[in-house]
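# Observations on chain architecture
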Amino acid sequence: MIRFDDVTKTYLRGTRPALTNLDIEFERGDFVFLVGASGSGKSTLMRLVLKETAPTSGSVYVAGKDLSRVPSWKVPSLRREIGMVFQDFRLLPTKTAYQNIEFALAVIGTPRKQVRRLVPEMLEMVGLADKGRRLPHELSGGEQQRVAIARAYVNRPTILLADEPTGNLDPATSEGILELLAEINGQGATVVMATHDQGAVDRMSRRVVELVDGHVVRDEEHGTYESTA
Ligand code: ADP
Ligand code: ADP
């Protein structure tokens, strides 16, 4: 589903690469935690998958496509395959929960009739069926993240990237968010989540990939946050 083939990314010539000779593959249906200190390259890895930045050398493949061969006019359709969730939610502040989700469908031209079915369905899935009319600031952090996940997933992308999605949330709220991501993964999506949430990683016992200074130092099928080796 996602493959990095000897990828090095250097942002500024003469500086240390953000990622060095990265060789890694995420299969369809994987649930992967990306762990590592701030600056270890987790966000860069995600930005490469979204084709927000290009590798300095090596190739990135998403759903069988070599991203260097995806012309810029096709990047929007590539990104339609990928949902993205952020630590700071990034909801449109003047739009309701319903409208935030609706917006993701409107921009890709989804017919109204489908929108009217899909948005309530997603609100229901994320447990906010009765809060569609709330503005983001009228929702708790956990609820805002649920809206953001609903927006990211409403057009059923095959990949969901989450960059520290529980970074602003308390442990109990984080647990609910992880359950939601696990449910989405259970529906077949490949989920890649960068995180410092030790509790979440240890509880879930999923694949763990650890980066140190742009190098993969650990890749375990059922890993924990800290290396046990
Ligand atoms: P993480 O997500 O693990 O915190 P990043 O991928 O954001 O790591 O950063 C990896 C390295 O790349 C860091 O040294 C960071 O300073 C550098 N970096 C990230 N984005 C940029 C950028 N746009 N320009 C220059 N350097 C960057
Ligand atoms: P249309 O005008 O396209 O026929 P609707 O009548 O379904 O659409 O909805 C109009 C607006 O009302 C939507 O953009 C949305 O902001 C709001 N809305 C509709 N259904 C809900 C709901 N279940 N929860 C919250 N807001 C809703």
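Anything mentioned here points back to the structure above.
Let us look at the structure shown here.

The rules behind the values
- Throughout, a residue's number is its position along its own chain's written sequence, starting from 1.
- Chains carry letters and ligands carry numbers; both start at the beginning, A for chains and 1 for ligands, and go up in the order they are written.
- Only residues with pLDDT of 70 or above have their local features reported here, since the model is predicted, and side-chain atom pairs are shown and tallied only from 80 upward, although totals for entire chains, interfaces and linings are computed over all residues.
- Heavy atoms from the whole structure form the basis of all side-chain values; hydrogens and water molecules are not counted.
- A cutoff of 4 Å decides nearness: a residue is near a molecule or strand if any of its heavy atoms lies inside that distance of it.
- Distance and chemistry together define a polar contact, namely a pair of N or O atoms within 3.5 Å, with one atom able to donate a hydrogen and the other to accept it when in protein, and with adjacent residues in sequence counting only for side-chain atoms on both sides.
- Each helix is a run of H or I in the DSSP string that is no shorter than four residues. Each strand is a run of E no shorter than two, and both are numbered from the N terminus.
- Note on residue categories: nonpolar means Ala, Val, Leu, Ile, Met, Phe, Trp, Tyr, Cys or Pro, charged means Asp, Glu, Lys or Arg, and polar means any other residue, Gly included.
- Working definition: rings of Phe, Tyr and Trp (its six-membered ring) pair if their centres are within 6.5 Å, and the pair is stacked with planes under 30 degrees apart, edge-to-face with planes over 60 apart, and tilted otherwise.
- Cation placement over rings: the criterion is NZ of Lys or CZ of Arg within 6 Å of the ring centroid and within 35° of the ring normal.
- Calculation of accessible area relied on Shrake-Rupley with a 1.4 Å probe; when residues are assessed, cover is drawn exclusively from the protein chains displayed.
- Only protein chains enter the accessibility calculation, which uses a 1.4 Å probe. A residue is then buried if its area is under 20% of the maximum for its type, exposed if over 50%, and partly exposed in between.
- For two strands to be treated as a pair, DSSP must find no fewer than two bridges joining them.
- Residues count as neighbours in contact if any of their non-hydrogen atoms are within 4.5 Å of one another.
- For helices, the fitted axis covers only the stretch in contact; all axes are lines through C-alpha atoms, and the angles between them, taken along N-to-C directions, range from 0 to 180 degrees.
- This arc is built from the directions going out from the helix axis to the C-beta atoms.

With that settled, consider the site of ligand 2. In the region of ligand 2, the neighbouring residues are Tyr98, Gln99, Glu102, Arg112, Arg116, Gly132 and Arg133. Note that an oxygen atom of ligand 2 is positioned 3.2 Å from one of the side-chain N or O atoms of Gln99. For ligand 2, an oxygen atom lies 2.3 Å from a polar atom in the side chain of Arg116. For the shell around ligand 2, the secondary structure elements donating two or more residues are helix 3 (97–106) and helix 4 (112–125). In terms of residue count, helix 3 provides more of the shell around ligand 2 than any other element does, 3 residues in total. Across the shell around ligand 2, the residue classes break down as 1 nonpolar, 2 polar and 4 charged.

Let us now look at the packing of aromatic side chains. For the structure shown, the criterion picks out 1 aromatic pair. For the cation-ring pair, Arg3 lies above Tyr61, with the distance from its terminal atom to the ring centre recorded as 4.4 Å.

Our next topic: the site of ligand 1. All residues adjacent to ligand 1 are Tyr11, Arg16, Ala18, Ala37, Ser38, Gly39, Ser40, Gly41, Lys42, Ser43 and Thr44. Contacts to ligand 1 include Lys42, whose side-chain N or O atom sits 2.8 Å from an oxygen atom. Relative to its free-state accessible area of 560 Å², ligand 1 is covered by the protein chains to the extent of 62%. Its residues placed into classes, the shell around ligand 1 shows 3 nonpolar, 6 polar and 2 charged.

For helix 1 (residues 42–49), the tally of buried residues reaches 6 of 8 residues, placing the bulk of the element in the interior. Residues of helix 1 that are buried include every one of Lys42, Thr44, Leu45, Met46, Leu48 and Val49, and no others. A positive backbone phi angle near 55 degrees is found at Lys51, which sits one or two residues after helix 1.

As summarised here, the arrangement of the 4 strands in space is 2-1-4-5, forming an open sheet in which the pairing is antiparallel. Where the open sheet ends on each side, the last strands, each with one partner, are strand 2 (19–26) and strand 5 (65–66). The pairing of strand 4 (residues 57–62) with strand 5 spans 2 bridges and is classified as antiparallel. Among the inter-strand pairings, Val62 is bridged to a residue of strand 5, identified as Lys65. Where helix 1 meets the sheet, it contacts strand 1 (2–9), strand 2 and strand 4, and its direction lies at approximately 120 degrees from that of strand 1.

It is worth spelling out helix 3 at this point. If you check which residues of helix 3 are buried, you get Ala97, Asn100, Ile101, Ala104 and Leu105. Projection of helix 3 onto a plane perpendicular to its axis shows the buried side chains occupying an angular sector of 145 degrees, all on one side. Packed against the buried residues of helix 3 are helix 4 and helix 5 (141–153).

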